[in-house]
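# Summary of the model geometry
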2 protein chains.
Amino acid sequence: MSIASVSRVLNGKAARPDTTDRVRAAAAELGYLPDAAARSLKLGSGRQVTLAVDDIGNPVYSELMQGVVDGLSGSGARLSIASTGQEPSELSALVRNLSRGLADGLVISPLRRSSELLRSLVDSPIPVVVVGNLADAVPLDSVRIDSAGAVRLAYRHLQSMGAARIAFVGGPPDTAPGSARLTAFRQLAQHDDGRVLVTGSFTVRSGERAWNKLAALSKAERPDAVLAANDLLALGILRGALSAGVAVPEQLAVAGIDDITFARVFSPALTSVSLRSRERGRLAAELLQHRMSEPSAPPQMRTVTPRLVVRESTCRS
Amino acid sequence: MSIASVSRVLNGKAARPDTTDRVRAAAAELGYLPDAAARSLKLGSGRQVTLAVDDIGNPVYSELMQGVVDGLSGSGARLSIASTGQEPSELSALVRNLSRGLADGLVISPLRRSSELLRSLVDSPIPVVVVGNLADAVPLDSVRIDSAGAVRLAYRHLQSMGAARIAFVGGPPDTAPGSARLTAFRQLAQHDDGRVLVTGSFTVRSGERAWNKLAALSKAERPDAVLAANDLLALGILRGALSAGVAVPEQLAVAGIDDITFARVFSPALTSVSLRSRERGRLAAELLQHRMSEPSAPPQMRTVTPRLVVRESTCRS
DNA sequence: TTGTAGGCGTTATCAG
DNA sequence: CTGATAACGCCTACAA
């Protein structure tokens, strides 16, 4: 029995039936498995896709991941996800060390788009798709959202529900979504007396702290609606308000952005603007596969339209 | 400049200073990166750990992952996580295809422990640590929990808060935690008239459906407390009860198991039994590293003690 | 201290 | 249709 025959049979190439059988039998007998490292070395690719995010603890990224799985399904590619989880912006280091053999394609959704990171991405030895709004000059495939549109959707909705003083609770302004959403709100509210609060992280904890600041305001200053830059912040506000005995939405309407799975579970259920994380993941996977099969095609772009999901936190039915 | 010198410098072996400098300069210039596949082939290991779970969408597994990251940090190992996400019990297939070169160690937390899966695990060509309660005869490292203790903690607590009729909402009985927690409850409640409901999945949706069944009960039969087999089910119950205008905890007390991050965010905050997912992840990573350095040591076991976290859903302060 | 050469397990080419 | 053989890129004796 020769090495070459084994390789052929296991890769589904033509072979005489009895040879095929003998090989299969022997492989089963010995528990033989092809060595993925060697195959990857020889072929120059191991059908391995990596998803890199800052914090897989955030439900948004779990959903993004589900989408990537959807988009990859049937292609035979394996997905491995890398999350720094601890230090933000360790992503740069992660990307730099992503040599061939570890991954053959990368989907990345970076909170902070430092120029260092972008350079690593452009120079990457493997195909890259970015989930986020890049500058047009960056020659990279990307899946984008209309941040300004998302904020506007929520803002107009709050107004239409009768809110007179809408406060904005933003995330860290040094992050891409943090700054985009903040800018969008300022744009909209420049003629209203909208109050703006900025927090240190996109977390429930930060949302609760933001609530405390809001609650300390004088009666006249206090908002009757809050637009939060993401759902975790919104949930923190909601939690704070409810604990303080403030009725939602009667005394305070609250809306978030992202429409995470838990948004509908909360009580009152959270009104939110869906950014279709799952679909974005799917699109990213498709772009990546296209890029892997056609490495020198011009950069592509997909844009996803935000959608308002009205629930109890802004509108008691 | 010779290949060997490059290899030596890049791996931190001794070399003359000026050689070192020249190599580094050239590497930076050319953007050279060692090919991980080739290195892995030669060395027989790529410092790559895989975490396999049924559904990374479940917050429990996100926390487990954080723990594995904690336990791995400083070891230089990379973590990649594999989630079937779609078909339950595709884990078997995943494990069977996990040849050398893809991963050098595996942490797995299977919902269903089919004998097929266990066989794959025992025969695996790479070290394996199981997060879950294996039969003692299975020669595998494992991180365990005291399921019966966890259920008892919640049950006794509900009793001590004055609950007279405690209903149990269980998960799928064909899963390991589903069956263990159900058995534990039956054991405890055999002399009480505790009602038992079994659901098809450990999800919020299933919890809501279970609430509908509970709500359809006659006044006399209706429970005054619910013990749910996990927090997602508990949240579903909570959501259902609140929507129906039932006061929690005054008319219905609700307790869950897992103590997911969102448990404290919910309003009323959910009483739950912590199974310390993050610590279990950390322990699993430690066991795995030990196993990788000492492949033929006898199987080890760690057990984590559950802890009751009392919050508003059982006890209005 | 540096260079040369062999082989890790696989696939692809080329004779038989 | 099958068997021998040459790379893939790396690390590591061993020789210089």
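Described below are features of the structure shown in this document. These numbers were taken from a predicted model, which means no experiment stands behind them.

## A few points about the interface of chain B and chain A
The partner chain A presents 48 residues to the 46 residues of chain B that form the contact. Note on chain B versus chain A: buried area summed over both sides is about 3700 Å², and carbon and sulfur give 59% of it. Considering only the side of chain B, the residues that lose the most area to chain A are Arg239(B), Phe262(B) and Arg264(B), jointly responsible for 16% of the buried surface there. Inspection of the region where chain B meets chain A yields six salt bridges. With a closest N to O distance of 2.5 Å, Asp35(A) and Arg100(B) form a salt bridge. Scanning the region where chain B abuts chain A turns up twelve residue pairs in polar contact (both at pLDDT 80 or more). Going through the elements one at a time, α3 (36-43), α4 (59-72), β2 (78-83), α9 (204-215) and α10 (231-243) of chain B are the ones with two or more residues in the side of chain B that touches chain A. Among the elements that line the side of chain B that touches chain A, the one with the most residues is α4(B), at six residues. Broken down by class, the residue content of the side of chain B that touches chain A amounts to 23 nonpolar, twelve polar and eleven charged.

## Details of the protein's contact with DNA strand D
In the vicinity of DNA strand D lie 20 residues, with Ser5(A), Arg8(A), Thr19(A), Tyr32(B) and Asp35(B) positioned nearest. Taken together, the sugar and phosphate atoms account for 65% of what DNA strand D places within 4 Å of the protein. Within the contact set of DNA strand D, a phosphate oxygen lies 2.7 Å away from a side-chain nitrogen or oxygen of Ser5(A). One of the backbone nitrogen or oxygen atoms of Arg16(A) is found 3.2 Å away from a phosphate oxygen of DNA strand D. Of all the elements in the fold, those that place two or more residues in the surface near DNA strand D are α1 (3-10) and α3 (36-43) of chain A together with α1 (3-10) and α3 of chain B.

## Quick word on the pairing of strand β9 (residues 253-258) of chain A
All names here are of chain A. Most of β9 sits inside the fold, with six of its six residues counted as buried. Residues Ala 253, Ala 255 and Ile 257 of β9 are buried on one face, and the alternating residues Val 254, Gly 256 and Asp 258, pointing to the opposite face, are buried as well. In terms of strand pairing, strand β8 (residues 225-228) meets β9 through three bridges, oriented parallel. Across the sheet, the residue bridging to Val 226 is Val 254, located in β9.

## Remarks on the protein's contact with DNA strand C
Around DNA strand C, a shell composed of 22 residues is seen, among which Ser7(A), Tyr32(A), Asp35(A), Ser5(B) and Thr19(B) lie nearest. Considering the 4 Å shell around the protein, atoms of DNA strand C inside it are sugar or phosphate in 63% of instances. Ser7(A) is positioned such that a nitrogen or oxygen atom in its side chain is 2.7 Å from a phosphate oxygen of DNA strand C. Residue Tyr32(A) places a side-chain N or O atom 2.6 Å away from a phosphate oxygen belonging to DNA strand C.

## Describing the packing of aromatic side chains
Residues and elements named next belong to chain A. Considering all chains together, one arrives at six aromatic pairs over all chains under this definition. On the basis of an interplanar angle of 85° and a centroid distance of 5.5 Å, the ring pair of Tyr 155 and Phe 185 is categorised as edge-to-face. Of this pair, Tyr 155 sits in helix α7 (residues 147-160) while Phe 185 is found in helix α8 (residues 176-189), placing the two residues 30 residues apart along the sequence. A relative accessible area of 2% means that Tyr 155 is categorised as buried. On the basis of relative accessibility, which here comes to 1%, the residue Phe 185 falls in the buried class. By the ring-pair criterion, three or more aromatic residues cluster together here, those being Tyr 155, Phe 168 and Phe 185.

Cut-offs applied
- Residues numbered from 1 in each chain as written.
- Chains lettered and ligands numbered in written order.
- Predicted model: local features only at pLDDT ≥ 70, side-chain atom pairs only at ≥ 80, totals over all residues.
- Heavy atoms only, no water.
- Contact = heavy atoms within 4.5 Å.
- Buried area = accessible area lost by both parts, 1.4 Å probe.
- Salt bridge = Lys/Arg side-chain N within 4 Å of Asp/Glu carboxyl O.
- Polar contact = N/O pair within 3.5 Å; in protein donor to acceptor, adjacent residues only side chain to side chain.
- Helix = DSSP H or I, 4+ residues; strand = E, 2+ residues; numbered from the N terminus.
- Nonpolar A, V, L, I, M, F, W, Y, C, P; charged D, E, K, R; others polar.
- Near = heavy atom within 4 Å.
- Buried < 20%, exposed > 50% of the residue type's maximum accessible area, 1.4 Å probe, protein only.
- Pairing = 2+ DSSP bridges.
- Phe/Tyr/Trp six-rings, centres within 6.5 Å; stacked < 30°, edge-to-face > 60°.

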